[in-house]
Amino acid sequence: MIGILGAGSLGRLWGAVLPVGSVAFITRPGEPTDTDLSYRFRSFEGPESAVRVPFLKAGDEPELILVTTKAGDTLNALAGVIDQFPVDIPILLFQNGLGSQQAVAARWPERPILAASTTEGANRPAPGLLVHAGTGDTWVGPLTESAGLCVNGAVAILADSGLAIHSEPAILQRLWQKLIINAGINPYTALLNCANGEILSAQLYQNTIDELCRELSELMSAAVQLRETPESLRQRIEQVARKTAGNTSSMRADVLRNRPTEIDFINGYLTKLGKELGIDTPVNQMLTERVKQLSSH
Ligand code: KPL
């Protein structure tokens, strides 16, 4: 049995693609477990089907826990449920950005904590409907010492979904690659209230992207020894913005729905890291402050 903590789009995607009967959602303390979670699932370029996932019952022991909460909720959500699970159960984190994963690993260093980076796309355009909007790849790697032995097992369990799953010993570097893309697209789409592709012609983007990429290049090199020029980072950001031109980014979607954004785990994380490493990050700081102002209104 696989337990899923967090019934948002990504959690529901795993609930839909893993074999029927092998998954259950984990409830927070006080939440009822008697009725199953039901939703419609539109598979990628495939038919629509009905999905019904039960909630984990007291005494059920999952062999793997997937944590698909928002980055800002993760530590609290896990703290509320983790004591019911034996200390050797692998916990796989799917959060965007960085910072929340390290906080979990630092809080429970004795547990096998793993992190995943995924390019699967899922959204919920209507209540009760989950759409698998784009297929991608998912990489899984260890964060704590005891997690190293659990990577292959977790990859094998998730491969039963039919999605492309790979083990990645250097998961932190992989998470950084995604962080760069999110740092260069998400805040602009939120501030400009536009689809991903539209940022490219906007003044705010054009005036700041080169300096942002200089900050990203310096931070990435200092933090995880990945060396890439600012120009090549800009190229990668723009490639993804073009490829996902019509998409509403997760950060713009959060702002539009009045939900907290993940800015603290993207440009906010980079700003904080810059302070720790003695690297100036004025553009990351400006983007963080402006996105925060946006969501406080
Ligand atoms: O990951 C994304 C997000 O919206 O968070 C991108 C790559 C920007 C696609 O929308």
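Residues numbered from 1 in each chain as written. Predicted model: local features only at pLDDT ≥ 70, side-chain atom pairs only at ≥ 80, totals over all residues. Heavy atoms only, no water.

## A few points about the sheet that holds strand β6 (residues 91-93)
In step 1: Spatially, the seven strands line up as an open sheet ordered β2-β1-β5-β6-β7-β10-β11, and their pairing is mixed. The open sheet terminates on both sides in strands that have one partner only, identified here as β2 (23-25) and β11 (164-167). Sheet twist, expressed as the mean angle between neighbouring strand axes with direction ignored, is 25°.
In step 2: With four bridges joining them, strand β1 (residues 2-5) and strand β5 (residues 64-67) adopt parallel strand pairing. Paired with Leu5 across the bridge in β5 is Val67. (Pairing = 2+ DSSP bridges. Helix = DSSP H or I, 4+ residues; strand = E, 2+ residues; numbered from the N terminus. Axes fitted to C-alpha atoms, helices over the stretch in contact; angles between N-to-C directions.)

## Thoughts on the sheet that holds strand β9 (residues 129-134)
In step 1: Taken in spatial order, the four strands make up an open sheet running β4-β3-β9-β8, and their pairing is mixed. Each of the sheet's edge strands pairs with one partner strand only, and the pair in question is β4 (48-53) and β8 (121-126). Strand-to-strand twist of the sheet, defined as the mean angle between neighbouring strand axes without regard to direction, takes the value 35°.
In step 2: Looking at chain direction, strand β3 (residues 37-42) and β4 are connected through six bridges and run antiparallel.

## Let's talk about the site of the ligand
In step 1: Around the ligand sit Asn182, Ile185, Asn186, Asn196, Val240, Asn247, Ser249 and Ser250, and that is every residue in its neighbourhood.
In step 2: Here Asn182 contributes a side-chain N or O atom positioned 3.0 Å from an oxygen atom of the ligand.
In step 3: Here an oxygen atom of the ligand and a side-chain polar atom of Asn196 are 3.0 Å apart.
In step 4: Protein burial of the ligand: of its 280 Å² of free accessible surface, 82% is covered by the chains.
In step 5: The greatest single-element share of the shell around the ligand, amounting to three residues, is contributed by helix α5 (residues 171-192).
In step 6: Here the shell around the ligand is built from residues that sort into two nonpolar, six polar and no charged. (Near = heavy atom within 4 Å. Polar contact = N/O pair within 3.5 Å; in protein donor to acceptor, adjacent residues only side chain to side chain. Areas by Shrake-Rupley, 256 points an atom, 1.4 Å probe, with all protein chains shown as cover. Nonpolar A, V, L, I, M, F, W, Y, C, P; charged D, E, K, R; others polar.)

## Comments concerning helix α3 (residues 100-107)
In step 1: Listed in full, the buried residues belonging to α3 are Ser100, Gln101, Val104 and Ala105. Looking straight down α3, one finds its buried side chains confined to an arc of 135°; they lie on one side.
In step 2: Elements in contact with the buried residues of α3: α2 (74-81), β6, β7 (113-118) and α5. (Buried < 20%, exposed > 50% of the residue type's maximum accessible area, 1.4 Å probe, protein only. Arc of directions from axis to C-beta. Contact = heavy atoms within 4.5 Å.)

## Notes on the packing of helix α6 (residues 203-224) against helix α9 (residues 267-277)
In step 1: Viewed as axis vectors pointing N to C, α6 and α9 meet at an angle of 60°, and their least axial separation amounts to 11 Å. Relative to α9, the element α6 lies oblique. Two packed elements cross with a definite hand, and for α6 against α9 that hand is left-handed. Contacts between α6 and α9 involve Leu212, Leu216, Leu219, Ala222 and Ala223 from the former and Asn267, Leu270, Leu273, Gly274 and Leu277 from the latter.
In step 2: Counted by class, the contact of α6 with α9 contains eight nonpolar, two polar and no charged residues. (Parallel < 35°, antiparallel > 145°, perpendicular 65-115°, else oblique. Left-handed = near helix turned anticlockwise from the far one by under 90°.)

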